[in-house]
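Breakdown of the fold
Below, each chain spelled out in residue letters.
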Amino acid sequence: MELSAKTLHFIEEHKEDDTRALALQGKKYPEVDMAVAVTQISGRQIAARKVPSWAQRSGLLYPRHLSMEQCSSESTAVYKASLLKGETFADLTGGFGIDCAFISRNFRKADYVERQAELCELATHNFPLLGLNHISVHHQDGVEYLQSMSPVDCLFLDPARRDGHGGKTVAISDCEPDVGALESLLVEKGGTVMVKLSPMLDLSLALNELHTVCQVHIVAVNNECKELLLLLQKSPVSSQISIHCEHLMNSGESQHYTFTLEAEKAAACPLAHEVGTYIYEPNAAILKAGAFRSLTQSYPVEKLHVNSHLYTSAALVPDFPGRRFRVEAVSGFGKKELKEFLAGMDKANITVRNFPLSVAELRKRLKLKEGGEDYVFATTLSNEQKVLIKGRKC
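Predicted model, so just to flag it, every value in this text is computed and none were measured.

A word on the overall build of the protein chain
- Each helix and strand in the protein chain was counted, giving 16 helices and 16 strands.
- By its C-alpha atoms, the protein chain is 70 × 60 × 35 Å across when sized along the principal axes.
- Looking at the protein chain residue by residue over its 394 residues, the buried ones come to 50%.
- Taking the intrachain contacts of the protein chain between residues at least 6 apart in sequence as the baseline, contacts between residues at least 24 apart amount to 64%.
- Of the roughly 19300 Å² that the protein chain leaves accessible, carbon and sulfur atoms contribute 50%.
- For the protein chain, the distance from the average site of its 44 positive side-chain charges to the average site of its 48 negative ones is 7 Å.

Structure representation (structure tokens):
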């Protein structure tokens, strides 16, 4: 993609401007390719949020908005790269190239495969600017490339998760390419295969459909589940698949928890008779993984109810993998106690766990605005009593 000097100058001059407003000013700048300029400015703005190290590099070119929104963030790409290393690597669904760029640094030789010509053109331009001269770009369908390629140490693919009408898909068989249909070929061609799937996918369904999974990694960023990663391997592995829950935070901190489904099923799950001094809410990765029982074996906490997914303790457990709160009040729904519970509180952050009302319905009933430093949990205790718990972060 060749950009004129005037277009490049315009992009630099307006890199922080509102792209929607710029898109309407084409007639004002006849010597500027406004459509291209808007795409590049928008891409750079998204990169500043998602891939900050790239946003700081001059000369990089960006794809259309949808490709930018769908690409991995730098933090998740770095995490994926931490799991893979070897001599040879191939990314069968290259996209904008974020994952390929970060993972390939751990390999001597890498291949980027993408069927969209525009994205291949961008990759050919960007990779050398990033010092990634060891990546070969292939404008080809990933499945066709897979069928004829030589084996590599590691394969990566991120199947498209949208159907023909633009709707989101969450089943493996609805993604393109279909990993289930390709599984035997994938593990023949890759010593390790990493598959990135929708965080909405049912993990148990995925494990039932695929037969060579050796590890699962569930990645959350700032308490939002972002990626479900499956590692496939042909060589015999343990029958107990390890599930890694990784929570990455803007602060640079991370929370990590590992368990197996067998251990989760076998774990005792002590239930609390009452709400203690502290309550805990597991992070999004753990909630997605379903590690509800084993948490009570790994940390000195008790569950409020078998279905509530909130935990409590008398003493603070500072390393619990989730949010931690000091309990300030507990209330049932009697008129008098509810009045005392709400006294002096006009807003709160409300969470509902195993409770018959939605957050919106409860907020309306309690007449509480959103926000503030108070956190209210509406839940059910082990004796089936419905309660409200007020807490402050600690």
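After that view, the rundown keeps rolling.
Quick word on the sheet that holds strand 12 (residues 311–313)
- If you walk across this open sheet you meet the seven strands as 11-12-10-13-16-15-14, and the pairing is mixed. Here the strands that pair on one side only, and so sit at the sheet edges, are strand 11 (302–303) and strand 14 (347–352).
- Here strand 15 (residues 369–380) pairs with strand 16 (residues 386–393) via six bridges, running antiparallel. Looking at strand 16, one finds that Thr380 is bridged to Lys386.
- Here helix 15 (residues 335–342) sits on the sheet in contact with strand 13 (322–331), strand 15 and strand 16, set at roughly 130° to strand 13.
- Against the sheet, helix 16 (residues 359–366) contacts strand 14, strand 15 and strand 16, and its axis sits at roughly 140° relative to strand 14.

Focus on the pattern of salt bridges
- Using the criterion set out here, one finds 20 salt bridges in the structure.
- When the shortest N-O distance is used, the salt bridge between Lys80 and Asp99 registers 3.0 Å. Pair noted here: Lys80 is in helix 6 (residues 74–81) and Asp99 is in helix 7 (residues 98–104), with a separation of 19 residues, a long-range link.
- The exposure class of Lys80 is buried, given its relative accessible area of 0%.
- Accessibility expressed as a relative area gives 7% for Asp99, which makes it buried.
- A salt bridge links Arg115 to Glu176, with the nearest nitrogen and oxygen atoms 3.1 Å apart.

A closer look at the side chain of Ser73
- Considering the arrangement of structural elements, one finds Ser73 in the loop between helix 5 (65–70) and helix 6.
- If we skip the residues at most four places from it in the chain, Ser73 touches Lys50 and Ile98.

Some remarks on helix 16
- What helix 16 keeps buried is the set Leu362, Arg363 and Leu366. For helix 16, the angular spread of buried residues about the axis comes to 100°, placing them on one side. Opposite its buried face, helix 16 presents the exposed residues Ala360 and Lys364, each directed more than 90 degrees away.
- Those residues of helix 16 that are buried are in contact with helix 15, strand 14, strand 15 and strand 16.
- Remark: Lys367 follows helix 16 within two positions and exhibits a positive phi of approximately 55°.

Calculation notes
- Residues numbered from 1 in each chain as written.
- Predicted model: local features only at pLDDT ≥ 70, side-chain atom pairs only at ≥ 80, totals over all residues.
- Heavy atoms only, no water.
- Helix = DSSP H or I, 4+ residues; strand = E, 2+ residues; numbered from the N terminus.
- Buried < 20%, exposed > 50% of the residue type's maximum accessible area, 1.4 Å probe, protein only.
- Contact = heavy atoms within 4.5 Å.
- Areas by Shrake-Rupley, 256 points an atom, 1.4 Å probe, with all protein chains shown as cover.
- Lys, Arg positive; Asp, Glu negative; His and termini not counted.
- Charge placed at Lys NZ, Arg CZ, Asp CG, Glu CD.
- Pairing = 2+ DSSP bridges.
- Axes fitted to C-alpha atoms, helices over the stretch in contact; angles between N-to-C directions.
- Salt bridge = Lys/Arg side-chain N within 4 Å of Asp/Glu carboxyl O.
- Arc of directions from axis to C-beta.

Everything listed here is a matter of geometry and, on its own, says nothing about what the molecule does.
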